[in-house]
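Topology and contacts: notes
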Amino acid sequence: MDESQEVSAIRVRDLVVGFGRQTVLDHLSLDVRRGEILGLVGASGGGKSVLMRTIIGLIPRQGRSIEVMGQPIGGRTEGAATTWGILFQQGALFSSLTVRQNVQFPLRENLVLSQELMDEIAIAKLEMVGLRAQDADKYPSELSGGMTKRVSLARALALDPPILFLDEPTSGLDPIAAGDFDALIRTLQKTLGLTVFMVTHDLASLTTVCDRVAALADGKIVAIGPMRELLQSEHPWVRAYFHGKRSQMLQHQMR
Amino acid sequence: MNSEPLLLATPSGDVLKLRPEGPWTAANVSVLETLSRSVGADVDRSSAVTLDMSGVSALDTLGAWILEKLSRRAASSGRSAEFVGVADHFSGLMAEVRQVNRRTPTPATAPNPVLLRLGDLGKATVGAREDVTIFLQMLGALFVALIGVLRRPRSLRLTSLVYQLYRIGWQAIPIVVLITFLIGAIIAQQGFFHFRRFGAESYTVDMVGILVLRELGVLIVAIMVAGRSGSAYTAELGSMKMREEIDALSTMGLDPVHVLILPRVAALVIALPILAFIGAVAALYGGGLVAQFYGGMAPAIYIARLHEAISVTHFEVGILKAPFMALVIGIVACSEGLRVKGSAESLGRQTTTSVVKSIFLVIVLDGLFAIFFASIGM
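Think of each chain on its own: its residues are numbered from 1, step by step along the sequence as written. Following the order in which they are written, the chains are lettered starting with A and the ligands numbered starting with 1. Reporting of local features is limited, given that this is a predicted model, to residues whose pLDDT is at least 70; pairs of side-chain atoms are given and counted only at 80 or more, and all residues count toward the totals for whole chains, interfaces and linings.

**Points about the overall build of chain A**
Short version of the rule: Working definition: helices are DSSP H or I runs of at least four residues, strands are E runs of at least two. Numbering for both runs from the N terminus. Counting other C-beta atoms within 10 Å of its own, a residue is labelled buried from 20 upward, exposed at 12 or fewer, and partly exposed in the gap between, with every C-beta atom placed from the backbone. For the purpose of contact definition, each residue receives a C-beta atom placed from its backbone, and two residues are in contact when these atoms lie within 7 Å.
Helix and strand content of chain A: 11 helices and 10 strands. A buried classification covers 42% of the 255 residues belonging to chain A. Partitioning the intrachain contacts of chain A with sequence separation of at least 6 by distance along the chain shows that 66% fall at a separation of at least 24.

Written as structure tokens, this is what we have:
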């Protein structure tokens, strides 16, 4: 038990979340190990985003406990920026700030450091996610979809949080950009020793990037393990997901 | 494991040995900055720098960058700088940090403040011309859409028109009645208070009647509608623009002016005279109440004086202005809404501009009408 706590970055036990009468997450348990990339799949509207938003404290929960890095989390989001970084699906960049200011925002709010250092760190982060220093003075509305995701990733990583949440990081990107983004996440995960929790539908990212994949159906995690194991799973929904027409085609080509 | 980061500097001959210890992470950034600054002079003095990383217990991008910066500072003047004892799990990060910030961005030159002001002035001038163009374009587009509707009355968006009438007309009545009632009462009170000194109290009724019917009733109502409904139009159309709803309409072969703007402006043109009339009545009623309870004038006398003081002309002057003011408010609100660009800030700015501009134009228009009516003797 102690050992599992040692290696778990996120421990969710018996989580229940519902809206009104509808129960979205029903006694859900999930462990995310330190230093792994966990992909979460599930039906649209099946509670993937709800699970993520509950872990990061945006949705109040009814059920039991969530522990992050061995610490139980309350419903409050203070100090959260140093624990995790979040890449929202649409980027959620502050539209009134430039790219540079967006990346500096968590630094400015959480740390006391000189403007010079802050500028250097912001540029360093932007270069780490594959952007150029010239892009730093653009506004979010001037960025392409892929750049928005990269800037948002740079902002999420501004404080070097141990955990990174990604909500459909490759949605809306062309396959080349998506592939680059996957590679980027892999590289950053290795360099910075991140734990990554990734909600995605992209079968390619699931296969290439994720160490383990968890399948969410009927409010529970019905299967979890490396991609190979999930492909063998007998659960009807998991079978339908990975052995549907589209998935078959992709897997066929990958073989 | 140290809880505080340290930086031990041991000069041996010309070589400076730096040994960072403890957690070099973002949480300790202020200590780290002080530490790196404190050895800066030593680094500049020595001919070679060795950074012994074996004592570092935790490292993140920020800490790695500060160390990298020290080594670059040494390397920049041709001296040697090297890292030794980098732990395996930090080597990836150190290698990454070595790549960044290599290209020094050209510092933005501070522009001349005088030129900047002149530039702003020029932009504002061009912008003013553009504003007029946009206003006239919108007026023209509305006129074309109106002709289309007159040709084929069935193409009028009746549901939308009725809904807008409900929103900006019916729902505005309570607040319009309340405010104009108070304005009427205040004017009457001031009239009685100041005219009493000349024994001219009875002329208060003339003042209230003429002022309310000719000027204040319609002006106050127009300003309120600009603030209440004009801003709503701008925000609505702006967010529709942001979410590409307007583009979607155009691609379906529909004219946004016809579908969205004509019903809104038409609703304003219909509703504003009605609201102005209701407002004028409420103001006269407020004046009457003050006359009775403050001025000691019986309602019958108030009505009789009012009857003598005002004529239909005064009422006509007021109410004739209302549709034109409504048109100005509608056009400004809708065209500002269509000028919204991607960001949330732009939506806010355009809404503010819309309200400020339409109130300004309403007052200017009122002035022009005053001159016009005076010259035709109304």
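So, next bit.
**A few points about the nonpolar core**
What counts here: The term nonpolar core refers to a set of buried Ala, Val, Leu, Ile, Met, Phe, Trp, Tyr and Cys residues connected through C-beta atoms within 7 Å.
Leu38, Leu126, Phe165, Val196, Phe197 and Met198 of chain A are the most contacted members of the largest nonpolar core, which totals 100 residues. Setting aside its immediate chain neighbours within four residues, Leu38 of chain A contacts Val32, Val196, Phe197, Met198, Cys210, Asp211, Arg212 and Ala214 of chain A. Met138, Ile168, Phe192 and Val225 of chain B belong to the second-largest nonpolar core, a separate cluster that totals 58 residues.

**Side note on unusual backbone geometry**
Not every positive phi belongs to a glycine, and Glu168 of chain A is a case in point at roughly 45°. Positionally, Glu168 of chain A belongs in the loop between β7 (163–167) and α7 (175–192). Classification of Glu168 of chain A by C-beta neighbours within 10 Å gives buried; the count is 20. For Glu244 of chain B, which is not glycine, the phi dihedral falls at a positive 65°. Among the secondary structure elements, Glu244 of chain B is positioned in the loop between α8 (203–242) and α9 (245–251). When the 11 C-beta atoms within 10 Å are taken as the criterion, Glu244 of chain B is described as exposed.

**A closer look at the interface of chain B and chain A**
Short version of the rule: Amino acid classes used here: Ala, Val, Leu, Ile, Met, Phe, Trp, Tyr, Cys and Pro are nonpolar; Asp, Glu, Lys and Arg are charged; the rest, including Gly, are polar.
The interface is formed by 24 residues belonging to chain B together with 24 residues belonging to chain A. Of all the secondary structure elements, the ones that give two or more residues to the side of chain B that touches chain A are α1 (29–38), α3 (61–76), α4 (88–99) and α13 (344–375) of chain B. At 6 residues, α4 of chain B tops the list of elements feeding residues into the side of chain B that touches chain A. Looking at the side of chain B that touches chain A residue by residue, the class counts come to 10 nonpolar, 8 polar and 6 charged.

**Quick word on the sheet that holds strand β3 (residues 37–42) of chain A**
All names here are of chain A. Stated formally: Here, any two strands with at least 2 DSSP bridges between them count as paired. Lines fitted to C-alpha atoms define the axes here, with helix axes fitted over just the stretch in contact, and angles between the N-to-C directions of these axes take values from 0 to 180 degrees.
As summarised here, the arrangement of the 6 strands in space is β6-β7-β8-β3-β9-β10, forming an open sheet in which the pairing is mixed. Edge positions in the sheet fall to β6 (84–87) and β10 (220–225), since each has one partner strand and no second. Across the sheet, the mean angle from the axis of one strand to that of its neighbour is 20°, orientation sign disregarded. Here helix α6 (residues 145–156) sits on the sheet and contacts β6 and β7; the angle it forms with β6, its principal contact strand, is near 170°.

**Points about α3 of chain B**
All names here are of chain B. In plain terms, the rule: The span you would expect from a helix comes to 1.5 Å times its residue count less one.
Here α3 contains 16 residues, and its C-alpha end-to-end distance of 21 Å stays within 8% of the 22 Å for a straight helix at 1.5 Å per residue. Those residues of α3 that fall on the buried side of the exposure criterion are Thr61, Leu62, Gly63, Ala64, Trp65, Ile66, Leu67, Glu68, Leu70, Ser71 and Ala74. A positive phi of about 80° marks Gly78, the residue just after α3.

**Considerations on the confidence of the model for chain A**
Residue and element names in this part refer to chain A. Put simply, the test is: What pLDDT conveys is the predictor's confidence in a given residue, as a value from 0 to 100.
Here chain A shows a mean pLDDT of 78. Residues at 70 or above account for 87%. For chain A, the element scoring lowest by mean pLDDT is helix α1 (residues 2–7), at 52; strand β8 (residues 195–199) scores highest, at 87. Counting contacts from residues 1–5, a segment whose pLDDT is below 50, to residues more than four positions away or on other chains yields 3 contacts.

**Focus on the environment of Ile134 of chain B**
Residue and element names in this part refer to chain B. Here Ile134 lies in helix α5 (residues 113–151). For Ile134, a count of 16 C-beta atoms within 10 Å puts it in the partly exposed group. A sequence separation of 197 residues divides Ile134 from Ile331, and the C-alpha atoms of the two residues are 9.3 Å apart.

**Overview of the environment of Gly295 of chain B**
All names here are of chain B. Inspection of the secondary structure puts Gly295 in the loop between α10 (256–293) and α11 (299–309). The class for Gly295 is buried, based on 22 C-beta atoms found within 10 Å. The spacing of Gly295 and Gln189 is 106 residues in sequence and 7.7 Å in space, taken between C-alpha atoms. Setting aside chain neighbours within four positions, we find Gly295 in contact with Phe192, Glu201, Thr204 and Val290.

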